[in-house]
Structure formats: structure tokens, C-alpha cells
Amino acid sequence: MIDVAAERADTPGCLDQAFLDSAGSSLPTTRVVDAVVAHLRREAEVGGYRAAAERADDLAAVPVVLGRLLGCDPDLVALSDSATRSWNQFVTAIRWAPGDRILICGTEYASNAIALLQRARIDGCSVEVVPNGPDGLVDLDALSALLDERVRLVSLVHVPTNSGQVAPVREVVECAHDVGALVLLDACQSVGQLRVDVEDLGVDALSATGRKWLRAPRGTGFLYVRRSILEGLEPAAADMRGATWTAPDGYELESGARRFELWEYDVASRLGLKMAVEHLLRLGVDDVEAAVRSRAADLRTALSEVPRVVLRDAGADLSGVVSFTVDGVDAADVRDRLLAQDVTVAVSGLPSTRLDMTARGLGAVVRASPHYFVSSDDIEAAAAAVARVR
Ligand SMILES: *Cc1c(COP(=O)(O)O)cnc(C)c1O
């Protein structure tokens, strides 16, 4: 069981508001903030290189703790500064050929879709959409019907940015692997709130961010790549961290996922990421998942009793992202009027998940994403504040 009072005491940002935006950019613990600030001060005292050298052991431990979190070896984790950057590094390391097929799902995220449409424009691939089924989740029959050996990649979002649904990852992976297609999982909204084990899920690659459910600093992200496909991947833009200049006309890529890393990075943020992940591991991923799911379920129950609120999460298995609309009030107005009542939520608009929002006839939803540090009073206060938005 999580000691919510202790967690709240270590999260000053949650004390004077109902903070329901961990799907956007969560609140870090005091310890994480102090560690980041302390490192910035140390850089100012002795210079960035010496400051980093002093923390060499901690920096080397970042992929180790992430490997523990994801259930993989540390050398299969590449650190970056955002989930999108990590996701792109994987996609652009595949040598695409005209006629290659790429399947995306109905909840695809805008940045991913744009990058794949670039592959269509530049490399002559085709990007096709697997529709959602009646339950709002990816339609596995439609997926099977679309798959053939020309499909090289299936791009799947674990939990979308605009709703609480959880994708049937294993089922998608089984179908895709039957025809030899790779599965790239966007786990931005699942890592940190749900148990995510790359072996259990069977995915070939996975990207995620630090600032959301992991409660790490902004500007942190990472990529996991399955060992068996690593050697065939040539990063589109390796530098002297991912590779070594071994001869006037030659270079060698790192053998592990480190080939995807870039030389320069924000050391302080990365130290903060390590602390945030360690904190999660100490709390226990399963306890965190149970707490988040129960906060979100409580919020859905409370909102379902508010007149003119329509809950928008599809599917039976719902995570910590709660999406809703209020009849007759723009999502942005709802957000602003909630903020005026010290309730922080976000708006997820059509351009972020164009396929899903269009299919459901939605222009925007209000997104509330309570983490484990959110109290039951916060949930009640949030529902009461929504009831006053009219
Ligand atoms: C936030 C988000 C991203 C992008 O993460 P960045 O760290 O901003 O690159 C990708 N996919 C989903 C589903 C997201 O919610």
C-alpha cells in the first residue's frame, strides 16, 4: 500500500490544488527537484564535465533502473530527450523501400503519424489505418485482414493521449509477428502508471517519456529495442556517442541500444529521471497501478453523477486517463473554469489523435489524469468543480 500522506508531503505541488494532469506533465517529488537543482549548481561551480564525472556511477545506473522497470537488459535502453525523439530514432533506423507497408491504429498520436507520413512522402511507403472495432479498441480482425508480408511495421499506442483505454498489445504482436512485421509500442501514457514489461508484451521496440506518469523532469525520454533486431538498425543520425570514428573512412556503431543515443544531454534531468524511476520501483509498480486505476475509477464514478457530463473512455480495461465532455461547454472553457477552482486538467484536441476523434465525432475532450498522490478529497473537489461549470 502506498502511504499517500507521505507521498503528498513530498509533492508540494499537489497540496493547494487537485492536480489531475499526470498525463501531461506530472509533479515531481521534492527529492527529484532538489537533485536536479543541486546538479545545476554543481555545474556552475566546477563546469559540466567535472560535475558529470562526479556522478558517473549514477549516470551509468540510469539504463539499469529503466531496464528493471521494463524487464529488459540495460544495454537495450537508449536515453533521449523525449518520447517522440526516441520513437523517431527507431522508425528512421529502418531502411524503408518503396512499397513497404506501415499499419497505424485508430488512436495513433499526431507526432507518430506525421513521422510515418514522412516515410510515405520520402521513402514511398504506404501508411494504412487499422480501424477501431465497436468497443473502441483496435479491431483485431481488421488487423489480420490487412496484414501480409509487405507490412514491415505496426505502430501501436498502449494508452492513447485522449482516453483511458488500454490496447490489446499481446494480441496485436501475435498477429504482426505471424507475417514478420515489427511492433513499435508508444508507451508514453502507460509507463509509470501501468506495469509495462517488454517480454510479457512481446513488442520489438517501445518509447516513453519521463515527465508524465514517471514524474521525472521534462526533456527526458527513452527507447527500448529488442536485441534480435538491434544489429540491423542503423540510426539515421548517429554521433560520437552512438558510434566511434575508427578509421579516416570508417566508424563502428555501439553494439547495444546506445547506438541511438546522442552525445550531448541534460545531465541534471537525467539524474532526476533516475531518482524518479527508483522512487516508482520502491513504491512498487503494481501498487502504483492499483492506486491510479482506483483514483481514475472513483473520478469516473463521481463524474457520472454530474448532469451533462459525458464520459468518453472506450473499452472495458480503463487506465488512469479519464476523458469527458460537458454538454454545451467547450473543453477549453471547462479546463479554464476548473483551473479557477484549483483543479488542474488538460484538453486533448482533435489534431493530437485525429483518427480517433474524427471517428467519434469529437473536437476536443477534457482529460483528467490522477496519479497515486491525488487524494479522495481531490477527486470529490474535482467532480464538484465540474458540476459548477455550467
Ligand atoms: C505525450 C505523448 C507522446 C509524446 O511524448 P513527448 O515526450 O512529448 O515526445 C507520444 N505519444 C503519446 C500517446 C503521448 O501521450
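Predicted model only: the values in this text are computed from it and were never measured.

About the cut-offs
- Residues numbered from 1 in each chain as written.
- Predicted model: local features only at pLDDT ≥ 70, side-chain atom pairs only at ≥ 80, totals over all residues.
- Heavy atoms only, no water.
- Near = heavy atom within 4 Å.
- Polar contact = N/O pair within 3.5 Å; in protein donor to acceptor, adjacent residues only side chain to side chain.
- Areas by Shrake-Rupley, 256 points an atom, 1.4 Å probe, with all protein chains shown as cover.
- Nonpolar A, V, L, I, M, F, W, Y, C, P; charged D, E, K, R; others polar.
- Helix = DSSP H or I, 4+ residues; strand = E, 2+ residues; numbered from the N terminus.
- Buried < 20%, exposed > 50% of the residue type's maximum accessible area, 1.4 Å probe, protein only.
- Patch = residues over 30% accessible without salt bridge, like charges linked within 9 Å, V, L, I, M, F, W, Y side chains within 5 Å.
- Salt bridge = Lys/Arg side-chain N within 4 Å of Asp/Glu carboxyl O.
- Domains from an automatic or database assignment.
- Contact = heavy atoms within 4.5 Å.
- Buried area = accessible area lost by both parts, 1.4 Å probe.
- Phe/Tyr/Trp six-rings, centres within 6.5 Å; stacked < 30°, edge-to-face > 60°.
- Axes fitted to C-alpha atoms, helices over the stretch in contact; angles between N-to-C directions.
- Parallel < 35°, antiparallel > 145°, perpendicular 65-115°, else oblique.
- Left-handed = near helix turned anticlockwise from the far one by under 90°.

Description of the site of the ligand
Close contacts around the ligand come from 13 residues, with T84, T161, D186, Q189 and K212 the closest. T84 places a polar side-chain atom, nitrogen or oxygen, 2.5 Å from an oxygen atom of the ligand. Between the ligand and T161, the relevant distance is 2.8 Å, taken from an oxygen atom to a side-chain nitrogen or oxygen of the residue. In the complex, the protein chains occlude 92% of the 390 Å² of accessible area that the ligand would expose alone. Classifying every residue of the shell around the ligand by side-chain character gives 5 nonpolar, 5 polar and 3 charged.

Comments concerning the environment of L40
Topologically, L40 is positioned in helix 2 (residues 30–46). What makes L40 partly exposed here is its relative accessible area of 44%.

As for a nonpolar patch on the surface
On the surface, Y49, M240 and W263 cluster together to form a nonpolar patch covering roughly 410 Å² of accessible area. Mapped onto the fold, M240 is located in the loop between helix 11 (227–230) and strand 9 (243–247).

Here's the deal with the domain arrangement of the chain
Assigned domains within the chain: domain 1 (4–25 + 284–387) and domain 2 (32–282). At the interface, 39 residues of domain 1 touch 34 residues of domain 2. Buried area between domain 1 and domain 2, summed over both chains or domains, comes out near 2,800 Å², and the portion from carbon and sulfur atoms is 51%. Of all residues in domain 1, the largest losses of buried area upon contact with domain 2 belong to V285, L355 and D356, amounting jointly to 18% of the total for that side. Taken together, the links from domain 1 to domain 2 amount to 1 salt bridge. Among the ionic pairs, D286 bridges to R195, the shortest N-O distance being 2.8 Å.

A closer look at the packing of aromatic side chains
Per the stated rule, a full pass over the model turns up 3 aromatic pairs. When the centroid spacing of 6.0 Å and the interplanar angle of 75° are considered together, the rings of Y49 and W263 count as edge-to-face. Here W263 lies in the loop between strand 10 (250–253) and helix 12 (267–283) and Y49 lies in helix 3 (residues 48–54), a separation of 214 residues in the sequence. Given the relative accessible area of 66%, Y49 is considered exposed. Among the residues examined, W263 registers a relative accessible area of 36% and is labelled partly exposed. Centroid distance Y372 to F373: 6.0 Å. Interplanar angle 80°. Geometry classified as edge-to-face. For Y372, a relative accessible area of 2% gives the class buried.

Examining the packing of helix 13 (residues 285–304) against helix 16 (residues 376–388)
Running from N to C, helix 13 and helix 16 point in directions that differ by 30°, and their axes come no closer than 9 Å. Classified by the angle their axes make, helix 13 and helix 16 are roughly parallel. For the crossing formed where helix 13 meets helix 16, the hand is right-handed. Contacts from R295, D298, L299, A302 and L303 in helix 13 reach I379, A382, A383 and V386 in helix 16. Among the residues making up the contact of helix 13 with helix 16, the classes are represented as 7 nonpolar, no polar and 2 charged.

Brief notes about the pattern of salt bridges
This structure, assessed with the given rule, holds 25 salt bridges. Its salt-bridge partner being R367, residue D21 comes within 3.4 Å of it at the nearest N-O pair. In this pair, D21 is assigned in the loop between strand 1 (18–19) and helix 2 and R367 in strand 15 (residues 364–368), connecting sequence segments 346 residues apart. Here the two residues D21 and R367 agree in accessibility, since each one is buried. The partner of R119 in a salt bridge is D123, with the nearest N and O atoms 2.9 Å apart. With R119 and D123 both in helix 7 (residues 110–123) and 4 residues apart, this pair spans about one turn of that helix. In this structure R119 comes out as buried when scored by relative accessible area, which is 11%.

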